[in-house]
Amino acid sequence: MTRKPVGRLSFENERNDVSHDVIADIDRILSTNHVMEPELNIGLLLWPEFPLLALAGLTDTLRHAADIGDNSKKMRCSWNLMSADPARSVCASSGFRIHADSTHLPPENFDYIAVIGGLLRSLSQGAAADRNYLHLAHQKGVPVIGICTGSFILAEEGLLKGHTAAVHPFHLKDFHARFPAINAVAGKDYIDG
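Cut-off values and rules
Residues numbered from 1 in each chain as written. Predicted model: local features only at pLDDT ≥ 70, side-chain atom pairs only at ≥ 80, totals over all residues. Heavy atoms only, no water. Phe/Tyr/Trp six-rings, centres within 6.5 Å; stacked < 30°, edge-to-face > 60°. Helix = DSSP H or I, 4+ residues; strand = E, 2+ residues; numbered from the N terminus. Buried < 20%, exposed > 50% of the residue type's maximum accessible area, 1.4 Å probe, protein only. Core = buried A, V, L, I, M, F, W, Y, C linked by side-chain atoms within 4.5 Å. Expected span 1.5 Å × (residues − 1). Arc of directions from axis to C-beta. Contact = heavy atoms within 4.5 Å. Pairing = 2+ DSSP bridges. Axes fitted to C-alpha atoms, helices over the stretch in contact; angles between N-to-C directions.

A. Layout of the packing of aromatic side chains. A full pass over the atoms with the stated rule returns three aromatic pairs. Geometrically, the ring pair formed by Phe152 and Phe175 is edge-to-face, given 5.1 Å between the ring centres and 85° between the ring planes. Here the residue Phe152 occupies a position in helix H4 (residues 150-156), and Phe175 occupies one in helix H5 (residues 172-178), the gap between them amounting to 23 residues. This pair shows no difference in class: Phe152 is buried, exactly as Phe175 is. Through pairs of rings, three or more aromatic residues link up here, namely Phe152, Phe175 and Phe179.

Listed below in structure tokens is the structure:
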């Protein structure tokens, strides 16, 4: 039995009972023959009482997109959890404490800087250095992303002027009350612009 070519690959199966996993074969070839630079680099900032689900959802999505095979390597995407003081952990809303990978790296090392906001009561507790880093990224032309209540932080810092914010329906009234001049909508996973 001869299979049709897949890209430059073709497979011969003489015994009819042997099947090939094309994706695994492609991953094997790429991982052994190519040195890959990540196509997407994300810098991450966490705010006090951030939701673990937001961090896990973003990073696991990036991990699956980054990987070749099932090795959990940062081959196609890369992410770095940063803080002004990596020795100091950030407490999630669930009580888990997370340490950053590094101090703030040059924003131009990243395609995006994402801030994962925390509970509304804790937004004012974010580090001033992290707020300054968001401004530096913006000045350098690196797009900033607000995840969860990260949109509140970007609005507080004046980084949403002229943009529309995607806000969870639970927080939409709070957002409108705090930032009446900024357009915000619920029911969208993201807004580019």
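B. Region of interest: the nonpolar core. Counting residues in each nonpolar core, the largest one holds 24 residues, and the members touching the most others are Leu45, Ile113, Val115, Leu134, Phe152, Leu160 and Phe175. Elements that contribute at least two residues to this core include exactly strand E5 (112-116), helix H3 (128-139) and H4. At four residues, the largest contribution of residues to this core is made by H4. Listed in part, the 17 residues of the second largest apolar core include Leu46, Phe50, Cys77 and Trp79.

C. Molecular detail of the environment of Asp130. Position of Asp130 among the secondary structure elements: in helix H3. Owing to a relative accessible area of 5%, Asp130 belongs among the buried residues under this scheme. Considered as a pair, Asp130 and Leu46 are 84 residues apart in the sequence and their alpha carbons are 8.9 Å apart.

D. Spotlight on helix H2 (residues 52-66). With 15 residues, H2 extends 20 Å from end C-alpha to end C-alpha; this agrees with the ideal 21 Å at 1.5 Å per step. Among the residues of H2, those classed as buried are Ala54, Leu55, Thr59, Leu62 and Ala66. Each buried residue of H2 sits inside an arc of 105° when the element is viewed along its axis, so together they form one side. Relative to its buried face, H2 has exposed residues pointing more than 90 degrees away, namely Leu53, Thr61 and His64. Looking at the buried side of H2, the elements it contacts are strand E1 (40-46), strand E2 (77-82), E5 and strand E6 (144-147).

E. View of unusual backbone geometry. With phi around 60°, Glu49 is a residue other than glycine that occupies positive phi space. On the secondary structure map, Glu49 appears in the loop between E1 and H2. Judged by its relative accessible area of 18%, Glu49 is buried. In this structure, Cys148 takes a positive phi of about 60° despite not being glycine.

F. Fine view of the environment of His168. Tracing the sequence through the fold places His168 in the loop between strand E7 (164-166) and H5. On the basis of relative accessible area, His168 is assigned to the exposed category, the value being 54%.

G. Representation of the sheet that holds E5 within the structure. Judged by pairing direction, the sheet is parallel, and its four strands sit side by side in the order E2-E1-E5-E6 without closing on themselves. Of all the strands in the sheet, just E2 and E6 have a single pairing partner and so form its edges. Taken pair by pair, the neighbouring strands of this sheet meet at an average axis angle of 25°, ignoring direction. Inspection of the sheet shows E1 paired to E5 by five bridges, in the parallel sense. Its bridge partner being in E5, Gly43 is matched across the sheet by Ile113. Where H2 meets the sheet, it contacts E1, E2, E5 and E6, and its direction lies at approximately 150° from that of E2.

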